[in-house]
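Chain by chain, the residues:
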Amino acid sequence: MVHIFHIGLLVFGLLTILAVGNGYQHNFAVLTTVLLALFCVCVFGNRPVEPYTDTYVYVSHLNRYKNDIDIGIGFIPSKDIAWDSFVRLAAHLNMSEKQFLFCSALLFLVPIFIAFYRLFESEMLLPFLLLYSCFFFWALGTNIMRTGVGLSFFLLGISYKDNIKGGFLCFIVSILFHLSFILPVCVWMLFKYTRMDMKYTIAVWCLSLILAYLNIGALNRLLQFINNPTVNERIGDYLNFGITSYSTGFRFDFILFSLFFGGLGLFLRKKMYTDRFYDTVLKSYIIINAFFLLAINIPFSDRFAVLSWVLIPVICTYPLIKSRYPYWEYMTLFLSFFMFSLSIIIF
């Protein structure tokens, strides 16, 4: 199924190249984005369950809830109230596994589509294509689905630039779907309502990198505290998943990936365009990524990294679109090709 996903990316990428070469009609861009989102829903909704560990767990919960409802047995609710309610509703409606995965894909992609339309309007195709090209996008839609839904509502929340109530509501929904989104939401609110200098955020990231490299004992004790399920059940799930085949330690590949886009954002901020919103996005990316560095020596630390990586399409395209920089479409397509190449290498 992942091959169909990549073929779809190539097809929509070629359509975008043709559109850019012929003047990039805005109506075509919006229509193509709709088709791209529907294609993703179809692929995510029709994939098998077995190869994806988290998906298997979610479907197992669905089937268990179905049985519990049938025989009248109660069950303990999850701390992720919104996700648990969604699974209960799917069980109550007697959804099949395919129907459940299809609805999960809609729940993941619709808020992203709305968020990108709010941020970029008719220019939304290229940012969406860039997100589609990211190697973690497939995992968000097929495996760590709960994280994916939380991220989509987080993106929708930041798209409410001046609507405080709308953004706050989306942030609450994001946290209710995945409790770990307290971190990015708090970071976003901090930078939205304060004016911390960029150099201090960079200093925090550099300090986090040094601590991660040294793997200091005090830092390990802090992670052990976070690992306590009574503090955060979901972060504890990541650290106690019990899979030993995952590559752990100081991940130079993840660090270089994060550093590249952080550096690109700083370059675009200085040379092309910035405003209060973009400053908030970039600072949030840096600090959330710093938390990932602090957790880099534990299994599945990339799940922490995704909390920051999801901002990459906004970091790369927002200043280019707002400044109307010449050939910005081709620059975004080049970044999409770069991300697609990484996806091919990883998969």
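Scroll up for the structure.
Residues numbered from 1 in each chain as written. Predicted model: local features only at pLDDT ≥ 70, side-chain atom pairs only at ≥ 80, totals over all residues. Heavy atoms only, no water.

**Focus on helix 11 (residues 198-214)**
Stage number 1. Look at helix 11: 25 Å from first C-alpha to last across 17 residues, which is about the 24 Å you get at 1.5 Å a residue.
Stage number 2. Taken residue by residue, helix 11 has Met198, Thr201, Trp205, Ser208 and Ala212 as its buried positions. Projected down its long axis, helix 11 shows its buried positions confined to an angular sector of 85°, all on one face. Within helix 11, the exposed residues directed more than 90 degrees away from the buried face are Lys199, Leu207, Tyr213 and Leu214.
Stage number 3. Two or three places before Lys199, at the start of helix 11, stands the capping residue Asp197, its side-chain oxygen 2.9 Å from that residue's backbone nitrogen.
Stage number 4. Following helix 11 by one or two positions, Asn215 adopts a phi angle in the positive range, close to 50°. (Helix = DSSP H or I, 4+ residues; strand = E, 2+ residues; numbered from the N terminus. Expected span 1.5 Å × (residues − 1). Buried < 20%, exposed > 50% of the residue type's maximum accessible area, 1.4 Å probe, protein only. Arc of directions from axis to C-beta. Polar contact = N/O pair within 3.5 Å; in protein donor to acceptor, adjacent residues only side chain to side chain.)

**Looking at the side chain of Ser284**
Stage number 1. In this fold, Ser284 is placed in helix 15 (residues 276-294).
Stage number 2. Overall, Ser284 belongs to the buried group, its relative accessible area being 0%.
Stage number 3. Excluding anything up to four places from it in sequence, Ser284 contacts Val187, Trp188, Phe191 and Leu311. (Contact = heavy atoms within 4.5 Å.)

**Things to note about the pattern of salt bridges**
Stage number 1. Throughout the structure, instances matching the rule amount to 3 salt bridges.
Stage number 2. The partner of Arg146 in a salt bridge is Asp80, with the nearest N and O atoms 2.7 Å apart. Remark: Asp80 occurs in the loop between helix 3 (53-71) and helix 4 (81-92) and Arg146 occurs in helix 8 (residues 145-159); sequence separation between them is 66 residues. There is no split in this pair, since Arg146 and Asp80 are both buried.
Stage number 3. Across the salt bridge formed by Arg269 and Asp279, the nearest N and O atoms sit 2.6 Å from each other. On the criterion of sequence distance, the pair formed by Arg269 in helix 14 (residues 252-271) and Asp279 in helix 15 is long-range, its members being 10 residues apart.
Stage number 4. By relative accessible area, Arg269 is classed as partly exposed at 28%. (Salt bridge = Lys/Arg side-chain N within 4 Å of Asp/Glu carboxyl O.)

**Focus: the packing of aromatic side chains**
For any pair of aromatic rings, the description consists of the separation of the ring centres together with the inter-plane angle of the planes.
Stage number 1. All chains considered together, the criterion is met by 36 aromatic pairs.
Stage number 2. When the centroid spacing of 5.9 Å and the interplanar angle of 70° are considered together, the rings of Trp188 and Phe277 count as edge-to-face. Of the two residues, Trp188 is situated in helix 10 (residues 182-192) and Phe277 in helix 15; the sequence distance between them amounts to 89 residues.
Stage number 3. Of the residues examined, Trp188 reaches a relative accessible area of 3% and is grouped as buried.
Stage number 4. Phe277 sits in the buried class, given a relative accessible area of 9%.
Stage number 5. Put simply, the rings of Phe116, Phe120, Phe128, Trp188, Tyr273, Phe277, Tyr278 and Tyr318 touch in pairs and so form one group of aromatic residues.
Stage number 6. The ring centre of Tyr160 lies 3.8 Å from the NZ or CZ of Arg118, which sits over that ring.
Stage number 7. Note that Lys161 overlies the ring of Phe277, its terminal NZ or CZ placed 4.8 Å from the centroid. (Phe/Tyr/Trp six-rings, centres within 6.5 Å; stacked < 30°, edge-to-face > 60°. Lys NZ or Arg CZ within 6 Å of the ring centre and 35° of its normal.)

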